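Each chain is listed here by its residues.
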Amino acid sequence: MRNDTIAAIATPPGVGGIGVIRVSGPEAFTVVSSLVRRPGKPDELPPVPPSHRLTYRLVIDPETREVLDEVLVAFMRAPHTYTCEDVVEIQGHGGPLVLRRILRAVLACGARMAEPGEFTMRAFLNGRLDLSQAEAVMDLIDAQTEAGQRLALQQLRGRLSDQVQEIRHTILGVIAQIEASIDFPEEDVPTPEAEELSPPIVTALEQIQRLLAGAEQGKLFRQGLRTAIIGRPNVGKSSLLNALLRTERAIVTPIAGTTRDTVEEVANLRGIPLHLIDTAGITPTDDPVEQIGVQRSRAAAESADAVLLVFDGSEPLAEQDRRVSAELEMMGFGADEQTHKRPVVIVVNKADRDQRIELDELKQLWPLAPIVHTSTLNNEGLDALEETLAELVLAGRAVNSDSVLVTNTRHQDALRRANEHLQASKASLEQYLPLDFVSIDLRAAYEALGEITGETASDDLLDRIFRDFCIGK
Ligand SMILES: Nc1nc2c(ncn2[C@@H]2O[C@H](COP(=O)(O)OP(=O)(O)OP(=O)(O)O)[C@@H](O)[C@H]2O)c(=O)[nH]1
Ligand SMILES: [Mg+2]
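Starting afresh in each chain, residues are numbered from 1 along the sequence in its written order. Going through the entries in the order they are written, you letter the chains from A and number the ligands from 1. Thresholds applied to this predicted model are a pLDDT of at least 70 for local features of residues and 80 or more for the giving and counting of side-chain atom pairs; totals over whole chains, interfaces and linings are not thresholded and use all residues. For the side-chain quantities, the full set of heavy atoms in the structure was used; hydrogens and water were omitted.

- As recorded in an unreviewed UniProt entry, the chain goes by the name tRNA modification GTPase MnmE, listed as coming from Thermosporothrix hazakensis.
- UniProt positions are given in the numbering used here, feature names are shortened, and annotations may be inferred rather than shown by experiment. Recorded under Subcellular location (unreviewed entry), the UniProt text for the chain is reproduced unchanged: "Cytoplasm".

Here's what the structure looks like:
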């Protein structure tokens, strides 16, 4: 049901200074009115205060008349609300029990518990936000870096939607021209020439391709980069994690095999959330615990977007180093842009000691991977390492979070499909095929783009998107 009245605690679970209960729907005012009183007037239903104004009230239990909390309440009249419906927000004291009791009272008076994301879904269904903007709400909440936050806010404010709508408008213009000539041949609508139809298609293609070009980068800012720290035991992997995080997160000892389980933390790499995974040193072992640890290291590498492969520069290259390298290569790491291998950065650690490692041998193992020398003891080479990793994953492209970046795989996928259909329509035009062919592909492109803004999104897709939201949002 999409026109009943819903309610949820909108602030996070746990203790806070205040907590907010949000109620939305046609009965929102009635429901909350029946629960609130003015101090000293327990039996009198107070009038609904002016819209969008905070008002001091007591909340009572509808059955026992017990006072549950002193609150500030805002009655907000549709349509100028988050959901475009009547909305009431009750600001109570931020204890979980207090909030739960107020919510229970609200539910007892006729509201229904909201599903995750249901407030935002209503904002979408009522036309206040389009789908990409609704998705941006969640990105904004989840943002882990300032760059990610800026991108989400831009999307929320409709910059992506505007561009997509502009492209759709262009495509629709061409469709209209074609269809007029097909539908009304007797009215002397002249059949448009291919030369006339193709410039707007080319323009639309260029715009789509520009958006696609930034998508991989945009996704990095939203999803972050999973980076596993891999190497044989005792080379300084955990020390490197700590140094990059600037905390003593992982245990470091001179004993080989210190790290048994993977340790995951997020650092900020030039605005990209860098998910660093410290792993157990990969080595043959009979110890069952260590074996599991090594399995997890392999799994971490398998699922990583990039690897920091650590060597001990104070020792000659060991057989185990070679074996770890070979394993990574098998997994498709290689830092080679042409073949789209996942990037590896070679970290030669313990640079503060006499260096016994042969760099030529390393270069034979990894001819294309950049090599960075570090000392976690003296915090040397860490900036260079971050710089190298950022260069590698951004592939030298300048990062400008002011431009519109597609950050979402769903949007990227829709753009790709639109691109393919537009290419096909352009090819049909060039081959002078009947205009029906052209217009079928144009329609498909138009619809694919509509999925981004939600105009042509199925219920199924909507459910999937909003299910990931938190309750109360
Ligand atoms: N001199 C020097 N010692 C270092 C450096 N980095 C790490 N170490 C030392 O090397 C030893 C192993 O460091 P860890 O960070 O535990 O190495 P690891 O690769 O995580 O080892 P495992 O978890 O056992 O695989 C410790 O005694 C560290 O203090 C460095 O840059 N210079
Ligand atoms: Mg370790």
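Here the narrative resumes, following the displayed structure.
1. Quick word on the sheet that holds strand β5 (residues 67–76)
Inference 1: The strand order across the open sheet built from seven strands is β3-β4-β5-β6-β2-β1-β7, with neighbouring strands paired in mixed fashion. Of all the strands in the sheet, just β3 (36–37) and β7 (112–113) have a single pairing partner and so form its edges.
Inference 2: At least two bridges found by DSSP between two strands is the condition for calling them paired. Under the scheme used here, helices are H or I runs from DSSP no shorter than 4 residues and strands are E runs no shorter than 2 residues, and both carry numbers assigned from the N terminus. One ladder, built from eight bridges, connects strand β4 (residues 53–60) with β5; its direction is antiparallel. By the bridge assignment, Leu54 is partnered in β5 with Ala74.

2. Some points on the coordination of the magnesium ion (ligand 2)
Metal coordination angles in their ideal form are 109.5 degrees for the four-donor tetrahedron and 90 or 180 degrees for the six-donor octahedron.
Inference 1: Ligation of the magnesium ion (ligand 2) by protein atoms is provided by Ser238 (OG) and Thr259 (OG1), these donors lying 1.9 to 2.0 Å from the ion. With a gap of 21 residues between them, Ser238 in helix α9 (residues 237–245) and Thr259 in the loop between α9 and β9 (263–269) connect regions that are remote in the sequence.
Inference 2: Categorising residues by exposure relies on relative accessible area from a 1.4 Å probe, with only protein chains included: less than 20% of the type maximum marks a residue as buried, more than 50% marks it as exposed, and the intermediate range marks it as partly exposed. Residue classification places Ser238 among the buried positions, given a relative accessible area of 9%.
Inference 3: Judged by its relative accessible area of 13%, Thr259 is buried. Sites may look incomplete, because water is not among the atoms used; the donor set itself consists of N, O and S atoms within 2.8 Å of the metal (3.2 Å for Na, K and Ca).

3. Considering the pairing of strand β10 (residues 272–278)
Inference 1: With seven of seven residues buried, β10 is to be regarded as a mostly interior element.
Inference 2: With burial as the criterion, each face of β10 is covered, one bearing Ile272, Leu274, Leu276 and Asp278 and the other bearing Pro273, His275 and Ile277.
Inference 3: One ladder, built from five bridges, connects strand β8 (residues 225–230) with β10; its direction is parallel. Paired with Thr227 across the two strands is Leu276, which belongs to β10.

4. Structural notes on the environment of Thr453
Inference 1: Topologically, Thr453 is positioned in helix α15 (residues 435–453).
Inference 2: When the C-alpha positions of Thr453 and Val164 are compared, they lie 7.8 Å apart, and in sequence the two are 289 residues distant.
Inference 3: Among all residues touching Thr453, those that are not within four sequence positions of it are Phe124, Asp130, Leu131, Ser132, Ser161, Val164, Gln165 and Arg168.
Inference 4: Each polar contact in these results corresponds to two N or O atoms within 3.5 Å; when the atoms are within protein, one needs to be able to donate a hydrogen and the other to accept it, and residues that are neighboring in sequence are counted only if both atoms are side-chain atoms. At a separation of 3.3 Å, a polar atom in the side chain of Thr453 contacts the main-chain carbonyl oxygen of Gly450. Note on contacts: a residue pair is in contact if any heavy atoms of the two residues lie within 4.5 Å.

5. Topic: unusual backbone geometry
Inference 1: In the segment running from Ala78 into Pro79, the intervening peptide bond is cis, with an omega of 5°.
Inference 2: At His52, a position not held by glycine, the phi torsion is positive, near 60°.
Inference 3: Despite not being glycine, Arg65 has its phi angle at roughly 70°, a positive value.
Inference 4: Its place among the elements puts Arg65 in the loop between β4 and β5.

6. Some remarks on the site of ligand 1
Inference 1: Taken together, 23 residues form the shell around ligand 1, and within it Ser239, Gly257, Thr259, Asp352 and Thr376 come nearest.
Inference 2: The separation between an oxygen atom of ligand 1 and a polar main-chain atom of Pro254 is 3.4 Å.
Inference 3: At 2.7 Å, a backbone N or O of Gly257 approaches an oxygen atom of ligand 1.
Inference 4: Expressed as a share of its isolated accessible area of 650 Å², the protein-covered part of ligand 1 is 91%. Note on terminology: near, applied to a residue and a molecule or strand, indicates that one of the residue's heavy atoms is within 4 Å of it. Exposure was quantified through the Shrake-Rupley algorithm and a 1.4 Å probe, taking into account, for residues, occlusion by the shown protein chains and nothing else.

7. Observations regarding the packing of aromatic side chains
Inference 1: Under the pairing criterion, centres of Phe, Tyr and Trp rings, with the six-membered ring standing for Trp, must be within 6.5 Å; the plane angle then separates stacked pairs below 30 degrees from edge-to-face pairs above 60, leaving the rest tilted. Scanning the model with the defined rule gives three aromatic pairs in all.
Inference 2: Ring geometry for Phe29 versus Phe75: centroids 5.3 Å apart, planes at 85°, classification edge-to-face. Here Phe29, found in helix α1 (residues 28–33), pairs with Phe75, found in strand β5; they are 46 residues apart in sequence, far enough to count as distant.
Inference 3: Among the aromatic residues, those joined into a cluster by ring pairs are Phe124, Phe466 and Phe469.
Inference 4: A cation over an aromatic ring shows up here: Arg22 above the ring of Tyr82, its NZ or CZ 4.7 Å from the ring centre.
Inference 5: Against the face of Tyr446 rests Arg168, its NZ or CZ located 3.9 Å from the ring centre. The criterion for a charge sitting over a ring is simple: Lys NZ or Arg CZ within 6 Å of the ring centre, and within 35 degrees of the ring normal.

8. So, helix α6 (residues 159–183)
Inference 1: Between the first and last residue of a helix there are one fewer steps than residues, each counted as 1.5 Å, and that sum is the expected span. If you check α6, its first and last C-alpha atoms are 35 Å apart, about what 25 residues at 1.5 Å a residue would give, namely 36 Å.
Inference 2: Those residues of α6 that fall on the buried side of the exposure criterion are Leu160, Ser161, Val164, Ile167, Arg168, Ile171, Val174, Ile175, Ile178 and Ser181.
Inference 3: Where α6 is buried, its residues meet α4 (131–142), α5 (146–156), α7 (194–213), α14 (409–430) and α15.

9. Examining the UniProt feature "binding site: Mg(2+)" (unreviewed entry) in the chain
Inference 1: Sequence positions flagged by UniProt for "binding site: Mg(2+)" (unreviewed entry) are, in local numbering, Ser238 and Thr259. Annotated residues spanning 22 residues; largest pairwise C-alpha distance 7.5 Å, indicating a single compact cluster.
Inference 2: In this structure Ser238 touches Ala250, Ile251, Val252, Thr259 and Asp278, once residues within four positions along its chain are discounted.
Inference 3: When near neighbours in sequence (up to four residues on either side) are disregarded, Thr259 contacts Ser238, Ile251, Asp278, Thr279 and Ala280.
Inference 4: Among the polar contacts made by the side chain of Thr259, one reaches the side chain of Ser238 at a distance of 2.7 Å.

10. Quick look at the domain arrangement of the chain
Inference 1: Note that the domain bounds reflect an automated or database-derived domain assignment. Domain parsing of the chain yields domain 1 (6–125), domain 2 (138–194 + 410–465) and domain 3 (220–394).
Inference 2: When each unit is reduced to the centre of its C-alpha atoms, the spacing between domain 1 and domain 3 is 51 Å.

11. Remarks on the pairing of strand β6 (residues 87–94)
Inference 1: In terms of strand pairing, strand β2 (residues 16–24) meets β6 through eight bridges, oriented antiparallel. Bridging from a neighbouring strand, Gly19 pairs with Gly92 of β6.
Inference 2: Two strands pair when backbone bridges link them, and β5 and β6 are joined in this way by five bridges, in the antiparallel orientation. For Leu72, the partnering residue across the bridge sits in β6 and is Gln91.

12. Focus on the pattern of salt bridges
Inference 1: By convention in these notes, a salt bridge is any Lys or Arg side-chain nitrogen within 4 Å of a carboxyl oxygen on Asp or Glu. Under the criterion given, the structure shown has 31 salt bridges.
Inference 2: In this structure, the salt-bridge partner of Glu66 is Arg101, at a minimum N-O distance of 2.9 Å. Within this pair, whereas Glu66 is found in the loop between β4 and β5, its partner Arg101 is found in helix α2 (residues 96–108), the two being separated by 35 residues in sequence.
Inference 3: Using a relative accessible area of 36% as the deciding quantity, one classes Glu66 as partly exposed.
Inference 4: The shortest N-O distance in the salt bridge between Glu455 and Arg168 comes to 2.6 Å. One end of the pair, Glu455, is in the loop between α15 and α16 (459–467); the other, Arg168, is in helix α6, with 287 residues separating them in the sequence.
Inference 5: Residue class for Glu455 comes out partly exposed when judged on its relative accessible area of 49%.

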